[in-house]
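Letter by letter, the chains look like this.
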Amino acid sequence: MNTAATLPLYSPPPDELDATRGVEFIEMPVRQILNRCDSPRMPFRWTINPYRGCEFGCVYCYARYTHDFLELRDPMDFERKIFVKRMAAEVLSRTLSRTPIGTDAIAIGTATDPYQPAERKYGLTRSMLEVFAQLQGLDLSITTKSSLIVRDLELLRKINRRSKLSVNFSLITLDRKLQRILEPRAPRPGLRLRAMFELARAGIRCNVLMMPMIPGLTDDPAAIENVIRAARRANASGVWWRSLFLKPAAARRFIPFVKERFPHLAERIDMFYGRAEYVPQAYDDRMRRIFDRIRERHGFPIHDRYIAQPPVAPQPPRQLTLGGLAESRYSP
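None of the values given here were measured: they were computed from a predicted structure.

(A) A look at the packing of helix H4 (residues 88-98) against helix H6 (residues 124-132). Interhelical geometry of H4 versus H6 gives an angle of 25 degrees and a closest axis separation of 8 Å. Comparing the axis directions of H4 and H6 gives the class roughly parallel. Helix-helix and strand crossings are classified by hand; for H4 and H6 the assignment is right-handed. Between H4 and H6, the residues in contact are Ala-88, Ala-89, Leu-92, Ser-93 and Leu-96 and Ser-127, Met-128, Val-131 and Phe-132, respectively. By residue class, the composition of the contact of H4 with H6 is seven nonpolar, two polar and no charged.

The following block contains the structure:
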């Protein structure tokens, strides 16, 4: 059954597609918006993602697998077909009225960015923050790449007065050229740092997430230190990292991308990820020593709160190699 075909779709005509950068916005029925995370490795118990798919188009995004459940297996569909959970705030309000959350942590934006471009039009994230602002005693976090979050500063202040709030800014490089290649439509690093500074000045705890750390592209110690130094200047409270994690849906996008744009890294990426989803343990151990040394130098805590990999649906094992994918229909 093609699940996507059962949804009420909005497909802009060709002239409107130009205005939306070729992106379709699809209204998605919402039965639940607060999803339980039972993994003891994750620092939160509940997750919220107001959008499915993300227009930022980060080539490494692990969440591309979520479109597979809608039988949309072209990896580019993840950034071209954005599902909008229009009744998110209403469903959230009803859920919170009957679900004992207590002090369990709630994380917004664990799979897709809650402040991606669609938020300017649909305002789902803001509508949910308005719900949270009426409550107290919550443990809430938001993860984003977008400076649009500053729009909601007053709401965030209100939540921060009544609950525990932190905002995580995803930032893996300060190299603008590299950032545009890896994150084609995401805000530039300077905008994220400026937004972080504004939120931190308002008393909101902010962290930098250097996730993922991409072997050969963002793992140079000097480049890492540049990000950590900038995080300190922007008044970040913590800097956390994690190595690149590749499920099959993400690999269908990332591996051909590396072969095309960074052919000198193809052999290394194939060696790391051709038969595995995680980097070798020796690589992680080396990067942990580098991060600990640099974070300590700049006065950041070095305990790894974000050591777990993202929770994803189990998939049958398969081999993904550069050669095997180069001729597939998923190649760019």
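Next, the rest of the story.
(B) Up close: the sheet that holds strand E10 (residues 238-243). Strands sit in the order E2-E3-E6-E7-E8-E9-E10 across an open sheet of seven strands; the sheet is mixed. On the outer flanks of this sheet lie strand E2 (35-36) and E10, each paired with one strand and no other. The pairing of strand E3 (residues 46-48) with strand E6 (residues 105-108) spans three bridges and is parallel. The residue bridging Trp-46 from the neighbouring strand is Ile-106, located in E6. Packed on one face of the sheet, H6 meets E3, E6 and strand E7 (139-144) and runs near 160 degrees to E6. Sheet strands in contact with helix H9 (residues 189-201) are strand E8 (164-170) and strand E9 (205-213), and its direction is about 165 degrees off that of E8.

(C) Representation of the nonpolar core in the model. In this structure, Phe-132, Met-210 and Phe-254 are the most contacted members of the largest nonpolar core, which totals 87 residues. Tallying contributions element by element places helix H11 (residues 248-261) first for this core, with six residues. Once residues within four sequence positions are removed from consideration, Phe-254 is found in contact with Val-59, Tyr-60, Ile-214, Leu-244, Leu-246 and Ile-269. Counting residues in hydrophobic clusters, the runner-up holds eight residues, among them Val-23, Ile-82, Val-84 and Leu-124.

How each quantity is defined
Residues numbered from 1 in each chain as written. Predicted model: local features only at pLDDT ≥ 70, side-chain atom pairs only at ≥ 80, totals over all residues. Heavy atoms only, no water. Axes fitted to C-alpha atoms, helices over the stretch in contact; angles between N-to-C directions. Helix = DSSP H or I, 4+ residues; strand = E, 2+ residues; numbered from the N terminus. Parallel < 35°, antiparallel > 145°, perpendicular 65-115°, else oblique. Left-handed = near helix turned anticlockwise from the far one by under 90°. Contact = heavy atoms within 4.5 Å. Nonpolar A, V, L, I, M, F, W, Y, C, P; charged D, E, K, R; others polar. Pairing = 2+ DSSP bridges. Core = buried A, V, L, I, M, F, W, Y, C linked by side-chain atoms within 4.5 Å. Buried < 20%, exposed > 50% of the residue type's maximum accessible area, 1.4 Å probe, protein only.

Shape descriptors only; they carry no functional weight alone.
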